[in-house]
Amino acid sequence: MTATFSLVVTPSATRLSDTERAERMNNLSFGRVFTDHMVLIAYRDGAWQQGEIKAYGPLSLEPAASALHYGQAIFEGFKAFAQPDGSVKTFRPEANGARFNRSAKRLAMPEIPVELFLTAADELIALDRAWVPQNIGESLYLRPLMIATDPFLGVRPASEYLFVLIASPAGAYFPKGVNPVSVWISEDYVRAAPGGTGEAKCAGNYAASLVAQAQAQEKGCDQVVWLDAVQREYIEEMGGMNLFFVYQEEGKTVIVTPELTGTLLPGITRRSLLELAKDLGFEAREGKITVQQWRDDIDAGRMTEVFACGTAAVITPVGEVKANGFEMRIHNGENGPVSMALRAALLAIQHGTAPDNHAWMHTVC
């Protein structure tokens, strides 16, 4: 029998008026504006406690909280979309819940029941439904996170944790339209090594990536591309996004993405595109691609497009690649038809303008 969960709701006494909320939601960017409420669920004595929804606001932590010293902190990200019939649906939230628990397990943190994860999201969205943007390309972004709160300086897994869920209305990631980005292939830094935390969505991975991202910007590029930590020749990810390479082979369109080796984040958008590609008549594969192969296949015309994917931007085309000793342009620095077809197809499912044949959308309210 499936467990049922409920949260204690204490409505905010300072909820914004319709006018104030409309002002906050005008010209939305990403991750700057937050809804009226948040979810808090504590873990102690070996069990998850009664959760609550309360007014969005600061958290109170002891200076000795383990997360501040030893980095036991994980997070997720998924979206809720307004539908043509007036309902609100989230995209594959159960997959995010499952990945959240894989990250928790890797960092010696307690897993949260996926049903509780979904309930927390559903109830927060329903309460703050007015914050869900209505336009295509816009969404309500959900950010679940968990931190260790045990006030103890010994190096061991904490015994107390806090699950937090906040929501942020997000505008179109590319308000001026989708444009290809330039990337720098990092040879000085690696994102993750075998046996490390590469496949976990933990805070430390992102902190460690910032210096390489800054280097990419110094080189005149928008993003960094990571190589494997051992041989420093296999392509892994772009920033915090998964990469895809588009090939034209014997009259067929084939999309290829680096295979999951334990050092790459198993993206949910990545997984969805591998399935969606087949719906559009493309072949989809996972494999390994070296920097030299990338160069050779572009020069030979076999590889015609490259794009990155993730929750926030959906699909981001790559138009220029730079590294020590070479530069190359992809698809003349313009958006490619395969990238744009996949992006349009995924957005159509998320916004309810195309059939959800894979049952990816979860009805909230």
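No experiment lies behind these values; they were computed from the predicted model shown. (Residues numbered from 1 in each chain as written. Predicted model: local features only at pLDDT ≥ 70, side-chain atom pairs only at ≥ 80, totals over all residues. Heavy atoms only, no water.)

Asker: Report on the pattern of salt bridges, specifying residues and quantitative values.
Answerer: For side chains bearing opposite charge, pairing can occur when the charged atoms are close. In this structure the tally under the stated criterion is ten salt bridges. Here Glu 275 and Arg 92 are joined by a salt bridge, their closest N and O atoms 3.8 Å apart. You can see Glu 275 sitting in helix H6 (residues 268-279) and its partner Arg 92 sitting in the loop between strand E7 (88-91) and helix H3 (93-106), a full 183 residues away along the chain. For Glu 275, a relative accessible area of 28% puts it in the partly exposed group. With relative accessibility at 7%, the residue Arg 92 sits in the buried group. Residue Arg 191 pairs with Glu 237 through a salt bridge whose shortest N-O separation is 3.4 Å. Of this pair, Arg 191 sits in the loop between strand E10 (181-185) and helix H5 (203-218) while Glu 237 sits in strand E12 (residues 235-238), and the two are 46 residues apart along the sequence. We note that Arg 191, like Glu 237, is buried. One connected set of salt bridges, linked through shared partners, spans Glu 249, Lys 252, Glu 283 and Arg 285. (Salt bridge = Lys/Arg side-chain N within 4 Å of Asp/Glu carboxyl O. Helix = DSSP H or I, 4+ residues; strand = E, 2+ residues; numbered from the N terminus. Buried < 20%, exposed > 50% of the residue type's maximum accessible area, 1.4 Å probe, protein only.)

Asker: Tell me what's going on with helix H8 (residues 337-350), and back it up with residues and numbers.
Answerer: For H8, with 14 residues, the first-to-last C-alpha span of 20 Å sits near the 20 Å given by 1.5 Å per residue. Most of H8 is tucked away: ten of the 14 residues are buried. By the burial criterion, the buried members of H8 are Val 338, Ser 339, Leu 342, Arg 343, Ala 345, Leu 346, Leu 347, Ala 348, Ile 349 and Gln 350. Two residues or fewer past H8, Gly 352 is found with a positive phi of approximately 75 degrees. (Expected span 1.5 Å × (residues − 1).)

Asker: Quick rundown of the packing of H6 against H8? Include the residues and the values.
Answerer: Direction vectors running N to C along H6 and H8 enclose 105 degrees, while the axes themselves pass 11 Å from each other. Considering the angle they form, H6 stands roughly perpendicular to H8. Each of Thr 269, Leu 273, Leu 276 and Ala 277 in H6 lies in contact with H8, whose residues at this interface are Leu 342, Ala 345, Leu 346 and Ile 349. (Axes fitted to C-alpha atoms, helices over the stretch in contact; angles between N-to-C directions. Parallel < 35°, antiparallel > 145°, perpendicular 65-115°, else oblique. Contact = heavy atoms within 4.5 Å.)

Asker: Lay out H5 with the relevant residues and their values.
Answerer: Across its 16 residues, H5 extends 24 Å between first and last C-alpha, which sits within 8% of the 22 Å expected from 1.5 Å per residue. Maximal helix bending in H5 amounts to about 35 degrees, located at Leu 210. Those residues of H5 that fall on the buried side of the exposure criterion are Asn 205, Ser 209, Ala 212, Gln 213, Gln 215 and Ala 216. In this fold, the buried residues of H5 make contact with E10 and strand E11 (223-227). (Bend = angle between axes of the 7 residues up to and from the residue.)

Asker: Outline the nonpolar core, listing residues and values.
Answerer: Core analysis: the largest hydrophobic core is formed by 51 residues, its most contacted members being Val 39, Leu 142 and Phe 163. With 29 residues, the next largest nonpolar core counts Val 181, Tyr 247, Val 318 and Phe 326 among its residues. (Core = buried A, V, L, I, M, F, W, Y, C linked by side-chain atoms within 4.5 Å.)

Asker: Pulling in residues and values, what's your account of the environment of Trp 48?
Answerer: By the secondary structure assignment, Trp 48 is in strand E3 (residues 47-48). Between the C-alpha atoms of Trp 48 and Glu 111, which are 63 residues apart in sequence, the distance is 9.5 Å. If sequence neighbours within four positions are ignored, Trp 48 has contacts with Ile 41, Ala 42, Tyr 43, Pro 110, Glu 111, Ile 112, Pro 113, Leu 116, Met 146 and Phe 163. Side-chain polar atoms of Trp 48 contact the backbone oxygen of Glu 111, separated by 2.9 Å. (Polar contact = N/O pair within 3.5 Å; in protein donor to acceptor, adjacent residues only side chain to side chain.)

Asker: Would you mind going over the packing of aromatic side chains in detail, with residue names and values included?
Answerer: Two aromatic rings, taken as a pair, are described by how far apart their centres are and by the angle between their planes. One pass over the full model with this rule turns up twelve aromatic pairs. On the numbers, 4.9 Å between centres and 70 degrees between planes, the contact of Phe 30 with Tyr 141 is edge-to-face. With Phe 30 in the loop between helix H1 (18-24) and strand E2 (37-44) and Tyr 141 in strand E8 (residues 139-148), the pair connects residues that are 111 residues apart, well separated along the chain. Here Phe 30 falls in the partly exposed class, since its relative accessible area comes to 35%. A relative accessible area of 9% places Tyr 141 in the buried class. Aromatic ring contacts, followed pair by pair, group Phe 78, Phe 100, Phe 117 and Phe 163 into a single cluster. Stacked on the ring of Tyr 234, the Lys or Arg Lys 288 has its end atom at 5.3 Å from the ring centre. The ring of Phe 326 has Arg 295 sitting right over it, with the charged end atom 4.0 Å from the ring centre. (Phe/Tyr/Trp six-rings, centres within 6.5 Å; stacked < 30°, edge-to-face > 60°. Lys NZ or Arg CZ within 6 Å of the ring centre and 35° of its normal.)

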